[in-house]
Amino acid sequence: MKSKKYALVIGGTGMLAQVCHTLVDDYYYVSVIGRSTIRHQRLNYSSPDSDKIHAIEVDYHDDGHLRYELHKAFQSFGIPDLVVSWIHGSAPHALNSLIDEITGIHQTKTWKLFHVQGSSRYFIKENTPVPENCQYRRVFLGFILNSTNSRWLTHNEIATGVIHAIRTDQIETVVGTLEPWDKRP
Ligand SMILES: NC(=O)c1ccc[n+]([C@@H]2O[C@H](COP(=O)([O-])OP(=O)(O)OC[C@H]3O[C@@H](n4cnc5c(N)ncnc54)[C@H](OP(=O)(O)O)[C@@H]3O)[C@@H](O)[C@H]2O)c1
């Protein structure tokens, strides 16, 4: 592996595709989790450096398969320096499985977790337990408020906001706004 840094992007074939490309530009080797072969292929075709992108085709609801694929990737590439996680609420165990698999291999090397969450999670402020060697960062996806209306974020706004959070290493980022909440789309 030529890249010196390793990243894992969960849900990287969708609205976070530009995040994967930017990480490749920033000299990361990037593993990407998603179920669809076609979406993985699209991500690869749209990259000028597709040999730096490694597809992990898995449904994160299938915990055994998820752990198997993560373990295999970490054995090959080491534990990630950076994880960007966009996991739907229907798979609440998936992030813990990821953390377990990393911790099973390394308990001391520092890694960063950018936990991307939807707007409604902002008001819950849930506690996400992470090990000591994990630097936890949270990115909330908000909405855009104009003088007359509001709308949800575009893919470009989401990806740009997540990239900004990574580059500036913010502990908590809100992309767009979340207040006033009653003005959401
Ligand atoms: N605040 C906001 O404005 C806001 C917040 C959230 C979302 N959105 C919008 O809502 C749209 C839909 O959201 P979305 O989450 O579907 O976005 P998405 O990022 O386009 O798709 C989800 C990503 O996660 C992967 N994924 C989904 N389920 C998976 C599973 N069970 N196992 C493994 N990977 C899985 C998808 O690949 P596979 O389908 O191939 O598995 C894809 O890479 C987005 O396009 C975005 O524009 C807006």
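Residues numbered from 1 in each chain as written. Predicted model: local features only at pLDDT ≥ 70, side-chain atom pairs only at ≥ 80, totals over all residues. Heavy atoms only, no water.

The name given to the protein chain in an unreviewed UniProt entry is Short-chain dehydrogenase, with Virgibacillus necropolis as the source organism.

(A) A look at the nonpolar core. By size, the foremost hydrophobic cluster in this structure holds 29 residues, and its most contacted members are Leu16, Val19, Val30, Val84 and Val162. Among the elements of the structure, strand S1 (5-10), helix H1 (17-25), strand S2 (28-34), strand S4 (82-85), strand S5 (111-117), strand S6 (134-141) and helix H5 (155-168) are those that each provide at least two residues to this core. Val19 has contacts with Val84, Ala159, Val162, Ile163 and Ile166, leaving out every residue within four places of it along the chain. In this structure, Ile56, Leu70, Leu98 and Trp111 belong to the second largest nonpolar core, which totals 25 residues. (Core = buried A, V, L, I, M, F, W, Y, C linked by side-chain atoms within 4.5 Å. Buried < 20%, exposed > 50% of the residue type's maximum accessible area, 1.4 Å probe, protein only. Helix = DSSP H or I, 4+ residues; strand = E, 2+ residues; numbered from the N terminus. Contact = heavy atoms within 4.5 Å.)

(B) Structural detail: the sheet that holds S4. Taking strand neighbours across the sheet as the criterion, the 7 strands line up as S3-S2-S1-S4-S5-S6-S9 in an open arrangement whose pairing is parallel. Looking along the sheet, the strands with just one partner apiece sit at the ends: strand S3 (53-57) and strand S9 (172-175). Along the sheet, successive strands turn relative to each other by an average axial angle of 15°, direction set aside. Where helix H4 (residues 94-105) meets the sheet, it contacts S1, S4 and S5, and its direction lies at approximately 175° from that of S5. Packed onto the sheet, H5 meets S4, S5, S6 and S9 and runs at close to 160° relative to S9. (Pairing = 2+ DSSP bridges. Axes fitted to C-alpha atoms, helices over the stretch in contact; angles between N-to-C directions.)

(C) Layout of the packing of H1 against H5. In the contact formed by H1 and H5, the axes pass within 8 Å of each other and the chain directions differ by 40°. As the angle between them shows, H1 and H5 are arranged oblique. Handedness of the H1/H5 crossing: right-handed. On H5, the residues touching Gln18, Val19 and Thr22 of H1 are Ala159, Val162, Ile163, Ile166 and Arg167. Residues that form the contact of H1 with H5 fall into these classes: 5 nonpolar, 2 polar and 1 charged. (Parallel < 35°, antiparallel > 145°, perpendicular 65-115°, else oblique. Left-handed = near helix turned anticlockwise from the far one by under 90°. Nonpolar A, V, L, I, M, F, W, Y, C, P; charged D, E, K, R; others polar.)

(D) Main features of the pattern of salt bridges. Per the counting criterion, the structure on display carries 11 salt bridges. Notably, a salt bridge pairs Arg137 with Asp169, separated by 2.7 Å at the nearest N-O pair. With a gap of 32 residues between them, Arg137 in strand S6 and Asp169 in the loop between H5 and S9 connect regions that are remote in the sequence. Note on Arg137: relative accessible area 12%, which makes it buried. Owing to a relative accessible area of 27%, Asp169 belongs among the partly exposed residues under this scheme. The partner of Arg151 in a salt bridge is Glu157, with the nearest N and O atoms 2.7 Å apart. We classify Arg151 as partly exposed; its relative accessible area is 32%. Look at Glu157 and you get partly exposed, because its relative accessible area is 24%. (Salt bridge = Lys/Arg side-chain N within 4 Å of Asp/Glu carboxyl O.)

(E) Representation of the site of the ligand. Every one of the 21 residues lining the ligand counts as a neighbour, but Thr13, Arg35, His88, Leu153 and His155 are closest to it. Within the backbone of Gly14, a nitrogen or oxygen atom sits 3.1 Å from an oxygen atom of the ligand. Between the ligand and His88 there is a distance of 2.5 Å, counted from an oxygen atom to a side-chain nitrogen or oxygen. Protein chains shield 82% of the accessible area of the ligand, which is 880 Å² for the free molecule. Of the residues belonging to the shell around the ligand, the class tally is 8 nonpolar, 10 polar and 3 charged. (Near = heavy atom within 4 Å. Polar contact = N/O pair within 3.5 Å; in protein donor to acceptor, adjacent residues only side chain to side chain. Areas by Shrake-Rupley, 256 points an atom, 1.4 Å probe, with all protein chains shown as cover.)

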